[in-house]
Amino acid sequence: MRESELYVKYTRVWIPDPEEVWKGAEIIKDYKEGDSVLHLQLEDESTLEYPLGPKDNPLPFLRNPDILVGENDLTALSYLHEPAVLHNLKVRFLESNHIYTYCGIVLVAINPYEQLQIYGEEVINAYSGQNMGDMDPHIFAVAEEAYKQMGRDEKNQSIIVSGESGAGKTVSAKYAMRFFATVGGSASDTNVEEKVLASSPIMEAIGNAKTTRNDNSSRFGKYIQIGFDKRYHIIGANMRTYLLEKSRVVFQAEDERNYHIFYQLCASSSLSEFKDLALTSAEDFTYTSLGENIFIEGVNDAEDLVKTREALTMLGVKDIHQMSIFNIIASILHLGNVTIVSERDGESCHINKGDPHLQHFTRLLGIEQDQMEHWLCRRKLVTTAETYVKNMSHGQAVNARDALAKHIYAHLFDWIVEHINKSLHTSTKQHSFIGVLDIYGFETFEINSFEQFCINYANEKLQQQFNSHVFKLEQEEYMKEQIPWTLIDFYDNQPCIDLIEAKLGILDLLDEECKVPKGTDMNWAQKLYSKHSGSGHFEKPRMSNSSFIIVHFADKVEYQCDGFLEKNRDTVYEEQINILKASQFQLVADLFHDGKEGTPVPASGKTSKVNVRPAKPQPKGHNREHRKTVGTQFRNSLHLLMETLNATTPHYVRCIKPNDFKESFVFDSKRAVQQLRACGVLETIRISAAGYPSRWTYLDFYSRYRVLMTKKEMTSADKKLVCRNLLEAMIKDPDKFQFGKTKIFFRAGQVAYLEKLRADKFRYACIKIQKTVRGWLQRIRYRKIRKSAITLQRYGRGYMARRYAEMLRLTRAALICQKRYRMVRVRREYLKTRRAVVTIQAFARGMFIRRLYQEFMLHHKAMIIQKTVRGWLVRKKYLRARNAAIVIQCFYRRVRAKRQLKQLKIDARSAAHLKNLNVGMENKIVQLQKKMDNKSKEYKTQNEQLAVANTALGSEVSKLQKELQTLRTQQTAGTSLQDELERLRAELQEAHAQRKQIEDEFSNEKQDLEKRVEELQKENSLLKKEKEEMNQRIQNSTPGKGGDASKKESRVQAELDEERLRYQNLLKEYSRLEQRYENLQEEMSSVKFHPGHRRNPSNQSSLGSDSNFPSISMSDVGDTDDTIQQVEEMGIEKAAMDLSVFMKLQKRVRELEQERKRLQTSLEKVDDLNKRKSNESNGSASEEDINADLAYNSLKRQELETENKKLKNDLNELRKAVAVNASENSSPNELQEGYSVLLNQLKEANEELEVRKEEVLMLKTQIVNTTKQLENTNHINSNDVLEYNDNKNKKPEDVVDGESKKLLEDQLKTQSRKHNDELEALHTQIELMRNDLETKQEMLNNFSTLSPEALVEFSIQQELTRLTNENLDLKEIKEKLEKNERKLKKQLGIYMKKVKELEVSQTTRSRPELTRQVTVQRKEKDFEGMLEYYKEDEALLVKSLITDMKPQSVSATVPCLPAYILFMCIRHADYINDDQKVHSLLTSTINAIKKVLKKNNDDFEMTSFWLANSSRLLHCLKQYSGDEAFMTQNTPKQNEHCLKNFDLAEYRQVLSDLSIQIYQQLIRVAEAFLQPMIVSAMLESESIPSLAGVKPMGYRNRSASIDCDSGAPVGYTLQALKRQLAQFHTTMADHGLDPEICQQVIRQLFYSINAVSLNNLLLRKDVCSWSTGMQLRYNISQLEEWLRERNLHQGGSVSTLEPLIQAAKLLQMNKKTSQDAEAICSLCNSLSLQQIVKILNLYTPLNEFEERVTVSFIRDIQNRLQDRVDNHQLLVDTKHTFPVLFPFTPSALSLETVHIPASLSLDFLTRAD
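Going along each chain's sequence as written, the residues are numbered from 1 onward. The predicted origin of the model limits local features to residues at a pLDDT of at least 70 and limits the giving and counting of side-chain atom pairs to 80 or more, whereas totals for whole chains, interfaces and linings rest on all residues. Calculated side-chain values reflect all of the structure's heavy atoms, with hydrogen atoms and water omitted.

## Some thoughts on the overall build of the protein chain
Here comes step 1: Think of it this way: any DSSP run of H or I at least four residues long counts as a helix, any run of E at least two long counts as a strand, and we number them from the N terminus. Counting secondary structure elements, the protein chain contains 55 helices and 26 strands.
Here comes step 2: Accessibility here uses a 1.4 Å probe with only protein chains present; expressed as a share of the type maximum, an area under 20% marks a residue as buried, one over 50% as exposed, and anything in between as partly exposed. Per-residue burial for the protein chain yields a buried fraction of 42% across its 1809 residues.
Here comes step 3: Note on contacts: a residue pair qualifies if any of its non-hydrogen atoms lie within 4.5 Å across the two residues. Residue pairs at least 24 apart in sequence account for 74% of intrachain contacts in the protein chain once pairs closer than 6 positions are excluded.
Here comes step 4: Residue burial considers only the protein chains on display, and all accessible areas are found by Shrake-Rupley using a 1.4 Å probe. In the structure as shown, the protein chain presents an accessible area of about 102000 Å², 53% of it carried by carbon and sulfur atoms.

In structure tokens form, the structure reads like this:
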């Protein structure tokens, strides 16, 4: 089909427009070849004759169908040209508020000038792991694509962000880095990702400034490399900067600012740390006030400085270095204010003496003021013979000053960048990196200088790389699809690049002119004209000889030559640099020292004299660096950048500035087209259009265009063959399409042609349908009209008859009405006349009466006036007389008062009066004098006491030093020991350093855990209080309130759910912190120190335990456990503040260590003794057993006696301590109460001691009796042994001697160990005393400096501290006594049991024949549901039941069998009243479950299994607790099995928290399984076949189909999702999980399905259609049916899908009228306003018969819902979890019926009865 055939009537086209660039029009008359005019109708319905010409005015561009407008990818457009691209961007930006659009491999980002809620963490999570074409265009999609390709292809990536100033480059780069920081967070605790993000505010402060186009414009280019390890976690970063705009430091155009850091410092000048900077307002400094506007609307510079300093601190810049940086920046401001005064001759200048800004400049930089003042106005000239010092003119000096300021700032900028790179550097090997290039775009202004030249040069290089990459991708696509490759002509800008950088190019000529001594810009321009006048990319302006034009790829740019040489040289005088090198501040000196220089550099900087001996100047390294021009440096760095980019896979982001006024969502077509041309987007379109831009998979093409096929063609099974036949029949030109392996390639416009054919086919079918329907409607209409006519005739005739009868009735009625009317009219006239006469009479009579009344009133008023006047005259006369009398009295009294005043003044001057006044003052002075004397006496006494204490301490120190010296002399055995000691000390120091580092990390983590623990405790207490309040409220509520009560109950329930959710979230956070805490402990345990003092981390963990979910300690020590319990009761913070508690803990630990060593030695003795006994003869076995029993009994008796003595001594000490405390305590009431309590306790202890004494006496008597009974047998045996020894001629003395030697050796060993222990204790005691001495010395020093009042307060505080410590000691003694009492009770019980066993054994030994021959039958008893085990078998029990347990091994038994077995073991420990056994078993169980779940953190079956067992164990503890609330459903037998001795309420809380954690892990595992299935099953799979239509798709969508035939994973279906849910539910049911918990799990999973599906729906335009809404509603109905089948629909799972249901309905509703808007507002009450508007904006018609949602309709929705109160988040929180509730469900299973299978290997468990 020829192109001219497309220009027919009703075809829409684009024509050029001077204002809007392109304007839409419609053809109103068919075009024929040869026509010179095209008849058009514009959008305003005006007509236009568009002239046509073969060259000047070709045929206008065709418009795309409406179905393609607003596409995510510009390459999906059928017609690819400039107006189509511009219109698509404009529609997406203005109507849909979409700022991102794909253009092939380029992401086009339009700056909205408004903060959009599309960059939150939930959006990052939504884009993470998604393919680039699956979601709407976004910067996160590009970042995810780069991150994914880095891991998939094992190749480095680059993201190139470009655009002009104000287009949003910096923000886009920042969001890309935020994505990498979130997705690829560091695996360790180095927080590298936070440091990478922290570099942004620093670089913005020192490198960004306000321009006329952007308030935060980056005035430099940067390339940030983010390094990743093999697991693709961030490990470090590196930054490279390009072409800082140094000229901005000294000059700003109107309405522009300098760099932000200057204004931040000026805004914070009032801070105390910045006083030395001598800064004021920015208006007072030249370098910050040139733009005449120092403020930015909405920006607080002082707050920004705080953020900058925080970022510097995070990156490791010390405070002293920060102040040095601020000093340098402030010095630059002062340098700009240095006033240079010109001399009269005009060739020299000077600086006024005492210039304050010069003083501040030199002071802040630490340099000599005189030298700087000298060289600011002079410069040195070096010739071959001499060196001269020449004065500079005023202009030259100002330029030199500005050059120095720029040079200082540039070096500071480089230093900060280098320091940032050092802080972001890592020693870990970098596996790969992703680079983010934030660089300036193409720039053209009215006046373009050296900066614009370099910027455009860089863009030329980037554009060349971009063009070659796009061309390469197109070539790879064609080769992959195996279609004929034809060379595509694309713009090659290599000639323009050669013009700039080639040999004798513009940069070379510029450098050459800079080397000429008297080179000028004009000479350089003339060289350019002569050298490059023949180049096609170089032009000379007609009207100028000082400028030149370069034809760049984007546009022609005219550059002004003025200033090129100066900016390229970047001249700074060496003398000024040498002064800066000699600065007394290290940082300032380091800024200007080259790393390659030697040591003599500073010396050479000082020899700046006027006359120097003639010598040939020696070249220096720093001179060569200074001679290296800016252009050369920039070219080298640009080449390095291009090498880096070429070695990576690039991703492109082109930022577009929509308007120059910074108005939100305002689109200027002219500015947009300029930038699209400049950034290469249109070039991408042109390259795509030159080939085959439209690409369809065979399946999509068949689905879309099968309406064009015949029925016979559609029956073929080969879809490719069907598509081939169709295309060959429809498109005659074979060059218009190509068939690839998986896709069909079309030339530009062919898809639009196929769409036209498809639309014609539909239109023809519609016409036929309309014809038939209209005929049917007309026939129905005729029948209705005929029937209506007959009915009307019948009713008309009846109406006429009724009308005639009505006329007759009305005529008769009219006659009667006339008669009555005439009578009424005459009567009314008579009555009217009569009323008038009566009225006239009444008015006349009234007038006469009123006249008489007025005359009477006049006479009466005259009399009243006369009376009043006469009275007034009399009163006036009286008042005049009275006033005269008063005046006379006043004059007389004044005379008397003056006399009396004179007398009082005389008396006041007398001495007697003064004496009376001073009496009170003398008394006050005397009292103050006495008070001062008393204070001085107290001060003296205190000084004396301090002196005595000082002398005592001095003597104590001398004693300690002597002891230490003696110990040292004893220890110095030789030089080898000294060397060994030094080596050990060095190793110990290293170990201490490592330990300190780990302890610091541990302490920080511990502090975090303590904070979390405190928060959890507060939350728990609040929950308990609120629960009690709610229970009280419910109890107080009356049943007669009806509906109000139900509302209150629902509200209370909602509040309870919220509190429960908050508590469980805190518990979840606590579990995460606890996991981190355990990891730290493992790290600490893995570090091996040198042998020495070592702290056990488990003790620390027990101190940091939490009451809600404690990390249960396994240690079983006496007083230490009590102290730890005391710490837990007091709280972590209070205990940490109380040093005495921790000192007691340390003391007790040392005692326990010594006790352990002693017990170990005794155990070794016993082992040796047993070994010796085993070697002896079998004949003496009975004698040895008897001796052993006697020894055992005597040992036990001695222990009882010693314990009793010890207890008695402790009681006496306690009495003494209480008495001493009573004498010293100042509060008698509190003392009496505390003393009485202690006395009562002591009395009880005494009574208990008396009882124990009696028991001990009984035990002694029993032992004596047994020894008497055995004496005879021992005597006989001893005689036999002697006789036997005599016969054998043995020497028993040898045996005795050997045994005595062994005993002596053992005693020596124990003594040596004791000696070593005492030595270590002395060492520690010396250290403690030394520390105590140092603290006391500090106290003495503080005493000497304190005032008397402060000394009094300090002494009071010390006294309070002493009393507190004494009270704590008393409390410790009391606790020890109580603990010892409990120990004695337990020991006595054990001893009594042993005595009974001894008696039984004695009786059996006396009758040995019975024990061997008679077997005693045990009487069978009923099993009471308990399992007995030995303490040493506890580890085996936990290992068999928990650690090694597999759910399959107990699948055929009772559900939750491990929980029942554990509870029966707990019952037995409760039955025997063994609290340690209960504590140990529960602790081991909980810790083992945690370890199993940690090991199987991704196993749903294991997690479900232990959730069921944990909840069942919790229910058993409740059911058998003895609490009546939990026993209502128990059987009588179950009530007999209740716990008797222990209340395990605390462990129930621990198990409840553990169950919550397991539930949360179960949800995480299940969601991980469902996550990849949800989108595919709910939104993409066709549950209803052939319902979804297919639209043309762009490059990004096409990329997903490249590997269709290579085994790519097939999408999940709804059936697969239902099968997975069914598997979860079956697994939970098989494990015996409560049905209520199963419902909560399913509800949470359905919420996840809703959240993920809705979020994808809100971020994908391709699924927002009517057909998707239908598919979605069908899928939801299938899920609801699944819930009903499994009886889960009552658990609230359906309600979680309500937002998704409403979204599906919204896609299917009409969206045109106001009634539709009202229906949408009333229906979508679960969707937020942002979600509704987003779905309406994304709604996409799949064919031309649907219409888009208009902007006015969306505005109507917004106006209607603007008052709705909802959250402002667009996406649903996928991490939200509902609060879980574990309802109490008692078990009907009786414990005695539980059967333990043999496969569990629990033979060591015995049934207790």
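Once you've had a look at it, read on.
## Quick look at helix 4 (residues 169-183)
Here comes step 1: Given the number of residues in a helix, its expected span is that number minus one, multiplied by 1.5 Å. Its 15 residues place the ends of helix 4 21 Å apart at the C-alpha level, agreeing with the 21 Å of an ideal helix rising 1.5 Å per residue.
Here comes step 2: The complete set of buried residues in helix 4 reads Lys169, Thr170, Ser172, Ala173, Tyr175, Ala176, Met177, Phe179, Phe180 and Ala181.

## Examining the side chain of His138
Here comes step 1: Relative to the helices and strands, His138 resides in the loop between helix 2 (121-127) and helix 3 (139-153).
Here comes step 2: Here His138 falls in the buried class, since its relative accessible area comes to 4%.
Here comes step 3: As used in this structure description, the phrase polar contact means that two N or O atoms lie within 3.5 Å; if the pair is within protein, one of them must be able to donate a hydrogen and the other to accept it, and residues adjacent in sequence are counted only when both atoms belong to side chains. Separated by 2.9 Å, the side chain of His138 and the backbone oxygen of Ile118 make a polar contact.
Here comes step 4: Among residues more than four places away in sequence, those in contact with His138 are Tyr100, Tyr102, Leu107, Ile118, Tyr119, Val123 and Tyr127.

## Digging into the confidence of the model for the protein chain
Here comes step 1: Per-residue confidence for the protein chain gives a mean pLDDT of 77; residues scoring 70 or more make up 76%.
Here comes step 2: A residue's pLDDT is the confidence the predictor assigns to it, expressed on a 0 to 100 scale. Of the regions scoring below 50 in pLDDT, residues 595-626 engages in 29 contacts with residues more than four places distant in sequence or in other chains.
Here comes step 3: pLDDT under 50 marks residues 1594-1609. Its contacts with residues more than four places away, or in other chains, come to 31 contacts.

## Remarks on the packing of aromatic side chains
Here comes step 1: Only the six-membered ring of Trp is used, alongside the rings of Phe and Tyr, when aromatic pairs are assigned; centres must lie within 6.5 Å, and planes under 30 degrees apart are stacked while those over 60 apart are edge-to-face, with the rest tilted. On inspection of all chains with the given rule, the structure shows 37 aromatic pairs.
Here comes step 2: Each ring, one from Tyr147 and one from Phe228, has its centre 5.8 Å from the other, and the planes form 65 degrees; the classification is edge-to-face. Of this pair, Tyr147 sits in helix 3 while Phe228 sits in strand 11 (residues 221-228), and the two are 81 residues apart along the sequence. Neither Tyr147 nor Phe228 differs from the other in exposure class; each is buried.
Here comes step 3: Relative to Phe564, the ring of Phe450 has its centre 5.7 Å away and its plane inclined at 90 degrees; by these criteria the two rings are edge-to-face. One end of the pair, Phe450, is in helix 13 (residues 450-481); the other, Phe564, is in helix 17 (residues 564-569), with 114 residues separating them in the sequence.

## Describing the pairing of strand 2 (residues 21-27)
Here comes step 1: The buried fraction of strand 2 amounts to 5 of the 7 residues, a majority that puts the element mostly inside the structure.
Here comes step 2: Strand pairing is assigned whenever DSSP detects at least two bridges linking the two strands. The pairing of strand 1 (residues 12-17) with strand 2 spans 6 bridges and is classified as antiparallel. If you follow Ile15 over to strand 2, its bridge partner there is Lys23.
Here comes step 3: Counted between consecutive antiparallel strands, the loop separating strand 1 from strand 2 contains 3 residues.
Here comes step 4: Two elements, strand 2 and strand 3 (residues 37-42), share 3 bridges in a ladder whose sense is antiparallel. Bridge pairing links Ala25 to Leu42 in strand 3.

## Regarding unusual backbone geometry
Here comes step 1: For Asp255, which is not glycine, the phi torsion reads 65 degrees and is therefore positive.
Here comes step 2: Mapped onto the elements, Asp255 comes out in the loop between strand 12 (234-242) and helix 6 (260-267).
Here comes step 3: The phi angle at Asn1687 is positive, at roughly 60 degrees, despite the residue not being glycine.

## A look at the sheet that holds strand 6 (residues 100-103)
Here comes step 1: The sheet built from 7 strands is open, its strands ordered 6-7-21-8-17-11-12 with mixed pairing. Of all strands in the sheet, those bounded by a partner on one side alone are strand 6 and strand 12. Direction aside, the axes of adjacent strands within the sheet are offset by 20 degrees on average.
Here comes step 2: The pairing of strand 7 (residues 106-110) with strand 21 (residues 649-656) spans 5 bridges and is classified as parallel. Opposite Leu107, over in strand 21, you have Val653 as the bridge partner.
Here comes step 3: Together, strand 6, strand 7, strand 8 (157-162), strand 11, strand 17 (432-438) and strand 21 form the strand contacts of helix 3, whose direction differs from that of strand 21 by roughly 170 degrees.
Here comes step 4: An axis is simply a line fitted to the C-alpha atoms; with a helix, the fit covers only the stretch in contact. Between two such axes, the angle follows the N-to-C directions and lies from 0 to 180 degrees. In this fold helix 4 packs onto strand 8, strand 11, strand 12, strand 17 and strand 21, with an angle of close to 160 degrees to the strand it touches most, strand 17.

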